[in-house]
Amino acid sequence: MAIKGRNMVDIKQGNRNAILTLLHEQGGLSRKQLAARLNLTPAAITMIVSEMIQNSILQEGEVLQSKGSAGRKEIMVRINSNDFFVTGVYFGIEQAIVSATDLCGNLLVSETFLYDYNSGVQFVVNRICQIINDTILRLEQQQKRCVGVGIAARGIIDDTRGICYNSYGGWPETDVPLLHMMEEQLRGQVISFQQNVRALANAYIFLNRGQSIESMLFVKNDTGIGAALVFDHKVYSGFNSNAAEMGHIVVERNGRLCRCGGRGCLETVSSMRSIENDVRDIFSEEATPALYRLVDGNKQNVSFPLICRAIQEGDTNVQNITNKAVDLLAEVLRSQICVLDVQRIVLHGIVFENPYFFNRLLESINYDGRYPCLSELITTTQSFPALDTVCSPILAIREFYRRGGMIDHTAKG
């Protein structure tokens, strides 16, 4: 009997999850449409939906005239995004973004916390948890209920155990039980934990409503280069949680030292920060005249957008550094296309939003004309400018959906 009971609970949770996922993708459907799409009986859908409306997870919307049934009307059902919220933190390098969204991923509030590498992980966690708890309290005072917290952690991460083995410049400590540390200060909250680039990929899939992304390589480029793999609609972390560590593919044997401890990694040459640093190393009025003029002679003002402007204005040395970075990145991406054969490659970061960098990248990948349809394969996240901000709460939304919206599981103890 115990086994049967547990199976029935799993079936109920699975059906509720399917309803929430379908409603998220479609925006709203009638009970009849839900039954047809999910291959469930109208009676089963009526019972489940009624319970979810009673729990305030769903709400009824507009009334539509049913086709083929004279006088018969259908009431649309939607996710109630107003009464509940999720929150989370996205760990970058020297900064963290704490944010909250409704159940559809719409941003409610966000706050950026800056910290120093030498601050130590305990200081960072204490401050982050304080901000999260303050955010929860503030929104609960608006008669909303928190149903989950998401943690998007930086570096080499064990998503299952919540351990940060190496933060790659976030803090000096290694083998940090980050999930446990945050659970201690976020008591009573259901917490979802994932490596930050995998969280970005998850959020991209979530926000692309109605688009079936079966396989994808998601690439992020800013202070470093990170990637995430999606197979069968799910993010793949790998046997040792190291899948898609594209930024640490060696492209220059015995090259410069990387934060991972290796040498010559792709991100030491092709990341936005590396390009900026390399240009600063040669910065002078003689070597980089256009850039020198753009930053009024102050090398600390050198930034990637200004680097691209300097290229347009004829700075050959700046162009050579940037082209080398683009071409090495193109070689790695080209090899990934051959090996993975994914449905889509998604590029995230302001470097990819720059027309010079992006077009040069596509040309370099397709230097021999082997990939004439790259524009159909490769896209950017330019249409999702807040992806870094909302990806951690979206982790919590997806976990809430997976649990079938069972809000009793989130009761504070």
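Scroll up for the structure.
Here is what the cut-offs are and how they apply
- Residues numbered from 1 in each chain as written.
- Predicted model: local features only at pLDDT ≥ 70, side-chain atom pairs only at ≥ 80, totals over all residues.
- Heavy atoms only, no water.
- Pairing = 2+ DSSP bridges.
- Helix = DSSP H or I, 4+ residues; strand = E, 2+ residues; numbered from the N terminus.
- Axes fitted to C-alpha atoms, helices over the stretch in contact; angles between N-to-C directions.
- Expected span 1.5 Å × (residues − 1).
- Core = buried A, V, L, I, M, F, W, Y, C linked by side-chain atoms within 4.5 Å.
- Buried < 20%, exposed > 50% of the residue type's maximum accessible area, 1.4 Å probe, protein only.
- 1 Å grid on protein atoms, 1.4 Å probe; cavity = no way out; pocket = protein on both sides within 12 Å on 5 of 7 lines; lining within 4 Å.
- Points joined across faces, edges and corners; volume = space filled by probe spheres on them.
- Phe/Tyr/Trp six-rings, centres within 6.5 Å; stacked < 30°, edge-to-face > 60°.
- Lys NZ or Arg CZ within 6 Å of the ring centre and 35° of its normal.

With that out of the way, let us pick up the sheet that holds strand S13 (residues 234-236). Spatially, S13-S12-S11-S14-S15 is the arrangement adopted by the 5 strands of the open sheet, whose pairing is mixed. Looking at the sheet topology across the chains shown, the edges are occupied by S13 and strand S15 (378-380). Across the sheet, the axes of successive neighbouring strands diverge by a mean angle of 30 degrees, strand direction being ignored. Examined bridge by bridge, strand S14 (residues 344-348) and S15 share 3 bridges and lie parallel to one another.

Turning to helix H11 (residues 316-340), a few remarks are in order. Here H11 is 25 residues long and its end C-alpha atoms lie 35 Å apart, about the 36 Å a rise of 1.5 Å per residue gives. Following H11 by one or two positions, Asp-341 has its phi on the positive side, about 50 degrees.

Generally speaking, nonpolar side chains in soluble globular proteins are found buried as a group. Leu-217 and Met-246 are the most contacted members of the largest nonpolar core, which totals 48 residues. Of the residues forming this core, the biggest block, 11 residues, is contributed by H11. If you look at the next biggest cluster of nonpolar residues, it comprises 47 residues, including Met-52, Val-230, Leu-387 and Leu-395.

This next bit is on empty space enclosed by the protein. Under the defined criterion, the tally for this structure stands at 1 cavity of 30 Å³ or more. The volume enclosed by the largest cavity comes to roughly 170 Å³. Contributing elements (two or more residues each) for the lining of the largest cavity: helix H6 (196-207) and strand S12 (225-231).

Our focus in this paragraph is the packing of aromatic side chains. Applying the stated criterion to the full structure yields 10 aromatic pairs. Look at Phe-304 and Phe-357: their rings are 5.7 Å apart centre to centre, the planes differ by 75 degrees, and that puts the pair in the edge-to-face class. In this pair, Phe-304 sits in helix H10 (residues 304-312) while Phe-357 sits in helix H13 (residues 355-365), placing the two residues 53 residues apart along the sequence. Accessibility classification places Phe-304 together with Phe-357 in one group, the buried group. One aromatic cluster in this structure is built from Phe-113, Tyr-115 and Phe-123. Positioned over the ring face of Phe-113 is Arg-127, at 5.8 Å from the centre of the ring.

Everything listed here is a matter of geometry and, on its own, says nothing about what the molecule does.
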